[in-house]
Structure formats: C-alpha cells, structure tokens
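If you want the building blocks of each chain, they are given just below.
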Amino acid sequence: MSELPLRAQLASVLGRSAASLSRATGRGDGSVIGGRVALKVEPDLLSQLARGRRLALVSATNGKTTTTRLISQALREFGEVATNEHGANMPTGHITALSNSMSAVNGVLEVDEKYLPQVLVATQPAFVVLMNLSRDQMDRASEINLLAKKWRTALGKSNTHVIANADDPLVAWAGLGAPHATWVSAGQRWKEDSWCCPECGGHLRRDRDPYWECPECGLSRPQATWAVDNDSDVLVTPQGERLKLRLNLPGDANRANAAIAAATAAGYGLHPARTLERLREVTSVAGRYTSVVTMGVEVRLLLAKNPAGWLESFAVLDPPHTPVILSVNAQVPDGRDTSWLWDVDYRVLRGRRVFVMGERRTDLALRLETDGVHFEVADRVDEVLGRLKAEQPGITKVDLIANYTAFQQIRTAYGRVQ
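Every value quoted in this text rests on a predicted model; they were computed, and no experiment measured them. (Residues numbered from 1 in each chain as written. Predicted model: local features only at pLDDT ≥ 70, side-chain atom pairs only at ≥ 80, totals over all residues. Heavy atoms only, no water.)

## Some thoughts on the side chain of Asn257
Threshold: Helical segments are the DSSP runs of H or I of at least four residues, strand segments are the runs of E of at least two, and each set is numbered from the N terminus. Any pair of nitrogen or oxygen atoms within 3.5 Å is treated as a polar contact; in protein, a donor-acceptor pairing is required on top of that, and neighbouring residues in sequence qualify only through side-chain atoms on both sides. Throughout, a residue-residue contact means that at least one pair of heavy atoms, one from each residue, lies within 4.5 Å.
With respect to the secondary-structure elements, Asn257 resides in helix H9 (residues 251-267). Looking at Asn257, its side chain comes within polar contact range of the side chain of Thr67, at 3.2 Å. Aside from chain neighbours lying at most four places away, what touches Asn257 is Gly63, Thr66, Thr67, Leu70 and Met131.

Set out below in structure tokens:
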C-alpha cells in the first residue's frame, strides 16, 4: 500500500498508543478507543488506511466473526492479513485493525450490518461477503428489509465483487444489486424472516430447499456455483470437485461459513483444497465452541444472540442426557428488548436438564415454561456444576448457550478463553 500522508501517520500512531494504554490499564483490548482517537486527528483515516489493499468486508446477522476468522486463516497462506477477527466491527475497530497491520496488502474486516454501506464507500473493497439477514436487536438496528435495501443500493453504486448466500432471499436480493457476484448455496435453517419477497412484498414460494421464487414479480434464487452438502460433509466447487470439509467447528452453520470463506479465498487465488486444510486448523473463534474444564466437568461455550442463532446452537447440542445452561442478558450490546425470546422454539429442550441464568433469567424462565420445558434457576456456572456433581457424580459434560454480554461475562470468568 502507498505511504500515508503525515497527518494520517500521526493519527495512526496516536490511535495505536491509545489502544496500547487501554490494554495496559485493563480497560479493554483498545480497538474502539484507538480508532476514536485516530479519527479525531484525521476524519478520513479509514479511506486512507484502506487505499492500495485488497479488502474483504464480511457482514451478516450471524456468523460474521467466525467467517472473518476463517477467511483470514486462509489468506495467511499469502502472508500478513489486516483483520479485526475478534470483533470491533464498526469503523473505529476497522481503523485499529488496519493501523495494526500497516504492511498487510490483504485484509478481512467484519462489518456491523448497519455500517456496511458507510464502510463500503470508505474502503472500496475488492469483495463484500454476505451470509444471512434475520431479526436482531430491533431496538437498535433497522428493520431487516430496510437494511437489505440499503445494502442493495450501496452495492449498486460500487464496483466490488459480492460473494453471497443464494439461499437467503434477503441476502440474494441485496447482492443482486451488485455488478459482480459469486453465489454460494450455503443453506438457511431459519426462514421466519424471509417468507415475503423483498422486491414486491409477495409471498415467496419455497416448496423445496434451497430453491425459492416470487410468483408475483419473478424474483428467484440465483444459480449457485459453490455449494455445501451437509449430509456428506462436502464442499462442491464451481469445477465440480467434491472436497471433504472435516472442520473442527461444529454444525451446519459453520459448514456454510467455511463454504463462503472458501469462495472468498478463491477470489484471492487460493485453491479450495488448500483453503480447507487451513480452515481445519481453527478450533475456536473468540471463545465460541471452546470447551473449558472446571470442577472436573467439561463446559462447552456456545454463543447465540437472536432466534436464528439459538436455532443453530440447538442443532449442535450434545445428546439429551447432557445438561444445558442458558444465560440471557439485555444490556446495550444485546439489545434491551427481550421479546425475541418468544420467536425461539424451545421445545427441543424438553426432557433435558436445563438451567437458566443471566440478568433476564426470569424472562427466559417464563418462555421455557410456556413451551413446557422444565428448568432450574441458578446464579453462576459453578453453582450449577456443584448441584450436578452432588446428584450425578459421574457427570462429565455440560453445554452452555448465552447471548452476547452473558457469553462475554462467562468467557472472562474463565480467563478470556480463545
């Protein structure tokens, strides 16, 4: 990349210093404050830091952090990668990520859905990666159809190459606004937010997965050139190769993330077989899917922030004899409104031993009671484990599902497990 102007260099140095000070004083990882300080000095810093790089912007409701990590892991085949793979997905975080890797030609940035149009204009990326759109933090974010429209409008004014999930109608409609696109059949388990046509409002026909179409206006699923075969654990490439995924991250959602990562890495020139070799090295992403052993019990940490995320987490739970802890907060990063709990079908937990925790455990308890799921209330993970070990001395494993701030609190209690 070209050398930064003096003012931008100063802004970048001051931002990195602020971030370092934040880490040294234990106030956080510094990603946000570093970007804020830098922007005060040079408001156009993001554009200047992006110039001369091949960037991929990754956005979705669910799976942004994981897919960002997977793409970054693949692209390290070519050397250093500028990335915010542990979060900080707004412009301040992007500035910190790019400032921390000044010599990196390739970059992968996770982008909050609401900020994607703004960051797209500022960075002029080579690729925009889109996976899914569903309801999330409705007290903060736009209604998702409006969000998809903003994406579509922004992409229509850009020359970027979109890599998108053809199976999600909202994502596909947004991506169809771009001049260049690669389509991946990545699946869509949660369909409750995409029964209506984003183009005309008509009722979508979804007779057979993954195909969908609108009988009113003719909008239909784009033809995918990449696909995931979940039953066979296979990635199908545009050349017809069938490559075993064999990931060390669980579930169909991560197979989808890996397929989109492979399609993106191919855009940078990396062969899918080599990409998958690198993706198998990833066993955890910012604490997600990590197992920690405490009191002699293995606790597996799963993050679920919205109805679609909870559905995917339920799909990777261990067998029914394994107890599960559910923890829900409603702080600003989570969204204050917990009414989304009523959009989740908890009946799959019937017959399983379930514990509820978190600041909004009462809301969660009421929802479980309505679905006929027996539960017990607890304050802490070690309290749950103490009860279980007293009653089931042979207990060896527990699954824990938590929304964002509840997950971070638990993760911090275990030393910020990676």
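Next, the rest of the story.
## Observations regarding the domain arrangement of the protein chain
To keep it simple, the criterion reads: An automatic or database domain assignment is the source of the domain bounds shown. Put simply, buried area is the surface a 1.4 Å probe can reach on two separate parts but cannot reach once they are joined, added for both. We define a salt bridge as a contact between a side-chain nitrogen of Lys or Arg and a carboxyl oxygen of Asp or Glu at a distance within 4 Å.
Along its sequence, the protein chain is carved into domain 1 (6-279) and domain 2 (291-413). Between domain 1 and domain 2, the contact holds 13 residues from the first and 17 residues from the second. Both faces combined, the contact of domain 1 with domain 2 buries some 1300 Å², and carbon together with sulfur accounts for 53% of it. Applying the counting rule to domain 1 against domain 2 returns two salt bridges. Here Asp343 ties to Arg135 by a salt bridge, and the two come within 2.8 Å at their closest N and O atoms. Where domain 1 meets domain 2, there are four residue pairs in polar contact (both at pLDDT 80 or more).

## Focus: the nonpolar core
Using the following cut-off: The definition of a nonpolar core used throughout is a set of buried Ala, Val, Leu, Ile, Met, Phe, Trp, Tyr and Cys residues joined through side-chain atoms within 4.5 Å. Exposed residues in this analysis have more than 50% of their type's maximum accessible area, buried residues have under 20%, and partly exposed residues fall in between, with area computed by a 1.4 Å probe over protein chains only.
Core analysis: the largest hydrophobic core is formed by 43 residues, its most contacted members being Leu57, Leu98, Val128 and Leu130. Sorting the residues of this core by element identifies helix H3 (45-50), strand E1 (54-59), helix H5 (91-99), helix H6 (116-123), strand E4 (127-130), helix H7 (144-156), strand E5 (161-165) and helix H8 (169-175) as the ones contributing at least two each. Take this core: its biggest share by element is six residues, from H7. Not counting residues within four places of it along the chain, the set of residues in contact with Leu57 comprises Leu109, Val111, Leu116, Val119, Leu120, Thr123, Pro125, Phe127, Val128 and Val129. Core analysis: the next-biggest nonpolar cluster, separate from the first, contains 36 residues, Val58, Ile71, Trp226 and Leu270 among them.

## Re the environment of Asn89
Positionally, Asn89 belongs in the loop between strand E2 (81-83) and H5. Spatially, the C-alpha atom of Asn89 lies 8.9 Å from that of Thr65, the residues being 24 residues apart in sequence. If we skip the residues at most four places from it in the chain, Asn89 touches Lys64, Asn84, His94, Glu110, Val111 and Asp112.

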